[in-house]
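Secondary and tertiary structure notes
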Amino acid sequence: MSGPCIILDKSAFQSLKKSESFILHKYFFVNVPPVLVLEIIGDLKKLSLKKDPHKMVSEYAGKLLLSNGFVNTHFTQLLTSSLKGEPVFMDGRPLIGMGRSSYVEGQGKGVVIDCSPELEAVNRWKDGNFLKSEEILAERWRNITQGINLEYLRQKLRAKALRIPRVEIPEELIEMVDDFLSNISNPIGELYWLFLELGVAPNTIERASLRWQNCGYTNLVSFAPYAHHCVRVSLFFYMGLFHNCPFTGTRATNKIDLEYLYYLPFCNVFASGDNFHVRICRVFLRKDQSFVGRDDLKRDLAAIDSLWVKFTPNQKAYIWPPEREGSIVLDLWKKHVAPVRSDDQNLAFLMSKEKQEEILSRLKLIKATAQQNASSQYDFSPIHEPEFIQISQKMNPKDPCPCGSGLPAGQCHLKNIK
Ligand SMILES: [Zn+2]
């Protein structure tokens, strides 16, 4: 894992050439929200495409490089955890679940996380291999997205009579959302409909509402910080819709774009070319987070890409992005990554074969031991400061090798690994 953690919306991701995507994964840790995976597979059933949709989806999947990227846990699952009082860390790191906490003799306490099913699927799509169930999923996704009727929702909201004066800028609207939230006595109970809409199970909402009443909480942010984030995003959208705000609006795709905003706490940088995001996301980003426009990011990645081919292996192994006047990538590093030694390098690619094998066998031992004495499911509570985290990733041999040789990994560092 290296570099600031970045989330891209589909338009930003789609705009990158494969070599630019390689540079992206070299200098950023790419957090993939499940909505992006769904948007990609949804294109299987997109009728307006000139190209063969299967080829198109394979191409998109080919740009997701799993050597420095993950699929974040679905926001509904995290929202549910948050309502149950479990910690959901919101400090710019990706949240990946389904790990097994374990103790490994001599290595300490830690978590072993297997390759997620989404990543396995993305790997398959790269080979043009789609399951029947994924075709059905794509069909369903298209039907759902085409069935979004925000005009209907607007009318339904009017019936809820959330009355606020018309506002012109996002900052005004978010202020009203915050006012509204601080003036209701039991936000869980009163926003029952909203939590249902966000996919939370009725009994989870009911229990959270009881806990709120019994424990004498006065604000949602201290009761369940992540639930507070989701509610703010969601209410912002619905209140904006209700009042015909110029920056929200009834375009059906806004509802999908909204979903990216639920994942904002799990990145340092958000990149998008979507007008809806460009207009509103600043009110949800903390000061220690950044927004970058799709075109600006692409331009800088392309510039680095053109330098890359002339780099020596030592330059390629150097962790920091190249020093260049006005480089957005470098600026984001300066803002989000603690300064490191100037000679800091990714030693993995300069390491001797013996050393590589020694580390590999240690990792294998941890994995095998963890599998034996694993506590079955990932438990958010016991390990706040694990001594190790091991994350299993699967690479497609067609992916460009992370060493930057320009060769597919299958012909480079993965050549002798089965
Ligand atoms: Zn290599």
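Residues numbered from 1 in each chain as written. Predicted model: local features only at pLDDT ≥ 70, side-chain atom pairs only at ≥ 80, totals over all residues.

**Here's the deal with the overall build of the chain**
When helices and strands are counted, the chain shows 20 helices and eight strands. The long-range share in the chain, meaning contacts at least 24 apart out of those at least 6 apart in sequence, stands at 72%. (Helix = DSSP H or I, 4+ residues; strand = E, 2+ residues; numbered from the N terminus. Contact = placed C-beta atoms within 7 Å.)

**Quick look at the packing of helix α2 (residues 18–27) against helix α17 (residues 294–308)**
Angle between the axes and distance between the axes are the two parameters that describe a pair of packed helices. At their nearest, the axes of α2 and α17 sit 9 Å apart, and the two run at 95 degrees to each other. Viewed along their axes, α2 and α17 adopt a mutual orientation that is roughly perpendicular. Where α2 abuts α17, its residues S19, E20, I23 and L24 lie against K298, L301, A302, I304, D305 and W308. In the contact of α2 with α17, the residues fall into six nonpolar, one polar and three charged. (Axes fitted to C-alpha atoms, helices over the stretch in contact; angles between N-to-C directions. Parallel < 35°, antiparallel > 145°, perpendicular 65-115°, else oblique. Nonpolar A, V, L, I, M, F, W, Y, C, P; charged D, E, K, R; others polar.)

**Notes on the pairing of strand β1 (residues 5–8)**
Alternating positions in β1 separate into two faces, C5 and I7 on one and I6 and L8 on the other, with burial throughout. Two strands pair when backbone bridges link them, and β1 and strand β2 (residues 29–32) are joined in this way by two bridges, in the parallel orientation. Residue C5 lies in a different strand from β2, and its bridge partner there is F29. Direction of pairing for β1 relative to strand β6 (residues 269–272): parallel, over a ladder of three bridges. Along β6, the bridge assignment pairs I7 with F270. (Buried ≥ 20, exposed ≤ 12 C-beta atoms within 10 Å, placed from the backbone. Pairing = 2+ DSSP bridges.)

**Thoughts on the nonpolar core**
In this structure, I6 and C267 are the most contacted members of the largest nonpolar core, which totals 92 residues. Take this core: its biggest share by element is 12 residues, from helix α14 (residues 225–242). What C267 contacts, discounting residues up to four positions off in sequence, is C5, I6, I7, N31 and G92. (Core = buried A, V, L, I, M, F, W, Y, C linked by C-beta atoms within 7 Å.)

**Considering the pairing of β2**
The side-chain alternation of β2 yields two buried faces, one formed by F29 and N31 and the other by V30 and V32. Here β2 runs beside strand β3 (residues 69–71); their pairing, made up of three bridges, is parallel. Looking at β3, one finds that V30 is bridged to G69.

**Things to note about helix α3 (residues 34–42)**
Burial within α3 is extensive, with seven of its nine residues counted as buried. All buried positions along α3 are accounted for by V35, L36, V37, E39, I40, I41 and G42.

**Considerations on the sheet that holds strand β7 (residues 290–293)**
Backbone hydrogen bonds are what pair the strands of a sheet, in a parallel or an antiparallel way. The strand order β3-β2-β1-β6-β7 describes an open sheet built from five strands, whose pairing is parallel. Both edges of this open sheet fall to β3 and β7, since each of them pairs with a single strand only. Strand-to-strand twist in this sheet, taken as the mean axis angle between neighbours without regard to direction, amounts to 25 degrees. Against the sheet, α17 contacts β6 and β7, and its axis sits at roughly 80 degrees relative to β7.

**Considerations on the environment of P53**
The residue P53 is located in helix α4 (residues 53–62) in this model. Assessed through the 17 C-beta atoms surrounding it within 10 Å, P53 is described here as partly exposed. Once the C-alpha coordinates of P53 and G42 are considered, the two residues, 11 residues apart in sequence, prove to be 9.6 Å apart. Excluding anything up to four places from it in sequence, P53 contacts D43, L44 and K46.

**Considerations on the confidence of the model for the chain**
Low-pLDDT portions of the prediction should not be read for the details of their coordinates. On average, the chain scores 84 in pLDDT, and the residues at 70 or more come to 85%. Between the elements of the chain, mean pLDDT differs from a low of 64, seen in strand β4 (residues 99–104), to a high of 98, seen in β6. Below pLDDT 50 for its whole length, residues 376–383 participates in 15 contacts with residues either more than four positions away or in separate chains. (pLDDT = per-residue confidence, 0-100.)

**With respect to the environment of P313**
The residue P313 is located in helix α18 (residues 313–317) in this model. Expressed as a C-alpha distance, the spacing of P313 and S405, which sit 92 residues apart in the sequence, is 8.1 Å.

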